Every structure is written in C-alpha cells, then in structure tokens.
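Here's the letter readout for the chains.
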Amino acid sequence: VCGNRALKDYTWKNKDIKKISNLLSSKDKDIYNKVEKLYIQKEDLQKENRALKEELYKYKSQELLKKANKIKNYSLIYEKYKDIEFKELNNIINHLNTKDNTITIIGVEDTENSRFIASRSSNLNININQIFKEISGEVNIKGGGNPQSVQGGCEKKDLDLILETFYEKIINNL
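Residues numbered from 1 in each chain as written. Predicted model: local features only at pLDDT ≥ 70, side-chain atom pairs only at ≥ 80, totals over all residues. Heavy atoms only, no water.

1. Looking at helix H3 (residues 86-96)
Residues lying three or four places apart along an α-helix face the same way, a consequence of the helix completing one turn every 3.6 residues.
Stage number 1. The complete set of buried residues in H3 reads Phe 86, Glu 88, Leu 89, Ile 92, Ile 93, His 95 and Leu 96.
Stage number 2. The elements touched by buried residues of H3 are helix H2 (31-67), strand E2 (74-81), strand E3 (102-109), strand E4 (113-120) and strand E6 (149-155). (Buried < 20%, exposed > 50% of the residue type's maximum accessible area, 1.4 Å probe, protein only. Helix = DSSP H or I, 4+ residues; strand = E, 2+ residues; numbered from the N terminus. Contact = heavy atoms within 4.5 Å.)

Shown next as structure tokens:
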C-alpha cells in the first residue's frame, strides 16, 4: 500500500515536472532556476506597473485640477464617471488632497447602483462628514467617513441629486 502511494506520488510529480520543463524550454533539473528568474521578473514588472499607475494618477489629478471650478481661491472638482475602478478613483483623490484649497466631489455610475466620494485637502476646515450626515437625512445613502473625506453608495437615480447637494452645501461652507 505504501509503495503504491509513493509510486503514484512520484508519477504525478514526474509528469508535472516534465510539463513545466517543456513549458519553460528547459531541462527538468534547471526548472527551479528558471522559475526563480521568472518570479524575480514578475516582481520587477509589478513594481514598474505600480510606479506607472502612480504616475498616471498624478496626471489624471492634474487634468482634473485644470478643469476645476475656481470659486474664490478654492478649486472645486465636480465629476461623474461611468467606467472607472473605485480603487483608481481613491488614488486620484489622494493626489488631489495634497493640493491646498481643493475640494473633490466625484460620482461613479454603475449599472444598478452608484458610488460617490467627497473629499477636501487637509488645509481646509470643512467637515465633509457633517455634510454627508445632512444629505443622508434627505436622501437614502449609505457610507461614511471622516471630516476630510466620505464615500458611499446610492441608487443610480439619486447620484446626480447627491452630487449637486454636496456641491451646494460645500459652496455654502466656503
């Protein structure tokens, strides 16, 4: 019984090693080094990809700043997207929050529900979370945050109203 299990174990491992060595165009005794080299290349590519994404987020945030509404000495960014990952949006907003006197209100429209983020740079003294709480008393929204930034979700039909209400309440606080 033990010999049978050992033979089965050896057989599947041997088959898989041969498949891997064929895939890597290497001898079976060289596949560890080849896999290690591929792993290092993958790590380097992931690092490069992160750096490129970071550069892209900076570029996108600069583009949003150029299009921002200038009210007094504030930059107010008000946008609505359909095809953007929420994680990407958070990264863009993190870059925008490093710019003084910047307020960002962005909605993302999905097929059924929608999401939004309202945020401000740290030098401003506007409580975005308080504004969120006021709006949540008027419209059915879920979410939360802190005085600097909130994010939440709503029905698709309510997104425009929520974004406009944030915009108006923030302008009234300037």
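2. Topic: the pairing of E4
Stage number 1. Among the eight residues of E4, six are classified as buried, and the element is accordingly described as predominantly covered.
Stage number 2. Pairing geometry for E3 and E4, over seven bridges, is antiparallel. Residue Glu 109 lies in a different strand from E4, and its bridge partner there is Ser 114.
Stage number 3. In sequence, E3 turns back onto E4 through a hairpin of three residues.
Stage number 4. Bridge count between E4 and E6: seven bridges; the pairing is antiparallel. Within E6, the residue paired with Arg 115 across the bridge is Gly 153. (Pairing = 2+ DSSP bridges.)

3. Here we look at the environment of Glu 112
Stage number 1. With respect to the secondary-structure elements, Glu 112 resides in the loop between E3 and E4.
Stage number 2. Expressed as a C-alpha distance, the spacing of Glu 112 and Glu 155, which sit 43 residues apart in the sequence, is 7.1 Å.

4. Quick word on the packing of helix H4 (residues 128-138) against helix H5 (residues 159-173)
Stage number 1. Closest axis-to-axis distance for the H4/H5 pair is 10 Å, and the angle between their directions is 135°. Taken together, H4 and H5 sit at an angle that is classed as oblique. Judged by the sense of rotation from one axis to the other, the crossing of H4 with H5 is right-handed. Here Ile 128, Ile 131, Phe 132, Glu 134, Ile 135 and Glu 138 of H4 lie close against H5, whose contacting residues are Ile 162, Thr 165, Phe 166, Lys 169, Ile 170 and Asn 173. (Axes fitted to C-alpha atoms, helices over the stretch in contact; angles between N-to-C directions. Parallel < 35°, antiparallel > 145°, perpendicular 65-115°, else oblique. Left-handed = near helix turned anticlockwise from the far one by under 90°.)

5. Considering H5
Stage number 1. Here H5 spans 21 Å end to end across 15 residues, near enough to the 21 Å set by a 1.5 Å rise per residue.
Stage number 2. Looking only at H5, the buried set comprises Leu 159, Ile 162, Leu 163, Thr 165, Phe 166, Tyr 167, Lys 169 and Ile 170. (Expected span 1.5 Å × (residues − 1).)

6. Quick word on the environment of Ala 118
Stage number 1. Looking at where Ala 118 falls in the secondary structure, it is placed in strand E4.
Stage number 2. Residue classification places Ala 118 among the buried positions, given a relative accessible area of 0%.
Stage number 3. Sequence separation of Ala 118 and Ile 170 is 52 residues, and the distance between their C-alpha atoms is 9.8 Å.
Stage number 4. The residues contacting Ala 118, other than those within four sequence positions of it, are Thr 104, Ile 105, Ile 128, Gln 148, Ser 149, Val 150 and Phe 166.

7. Considerations on the sheet that holds E6
Stage number 1. Taken together, six strands build an open sheet; the order of strands is E1-E2-E3-E4-E6-E5 and the sheet is mixed. Strand pairing shows two members of the sheet lacking a second neighbour, strand E1 (69-71) and strand E5 (141-145), which therefore form its edges. The sheet shows a mean angle of 15° between the axes of neighbouring strands, direction not considered.
Stage number 2. Most of the contacts of H2 go to E2, to which it runs at about 115°, and overall it touches E1, E2 and E3.
Stage number 3. Strands E4, E5 and E6 of the sheet are contacted by H4, whose axis makes an angle of about 165° with E5.

8. Concerning the packing of aromatic side chains
Stage number 1. Inspection of the entire model under this criterion finds three aromatic pairs.
Stage number 2. Relative to Tyr 167, the ring of Tyr 78 lies with its centre 5.2 Å away and its plane at 85°, an arrangement referred to as edge-to-face. On the criterion of sequence distance, the pair formed by Tyr 78 in strand E2 and Tyr 167 in helix H5 is long-range, its members being 89 residues apart.
Stage number 3. Classification of Tyr 78 by relative accessible area gives partly exposed; the value is 29%.
Stage number 4. The class for Tyr 167 is buried, based on a relative accessible area of 18%.
Stage number 5. In textbook terms, an aromatic cluster arises when at least three aromatic residues are bridged by ring pairs, as seen for Phe 116, Phe 132 and Phe 166. (Phe/Tyr/Trp six-rings, centres within 6.5 Å; stacked < 30°, edge-to-face > 60°.)

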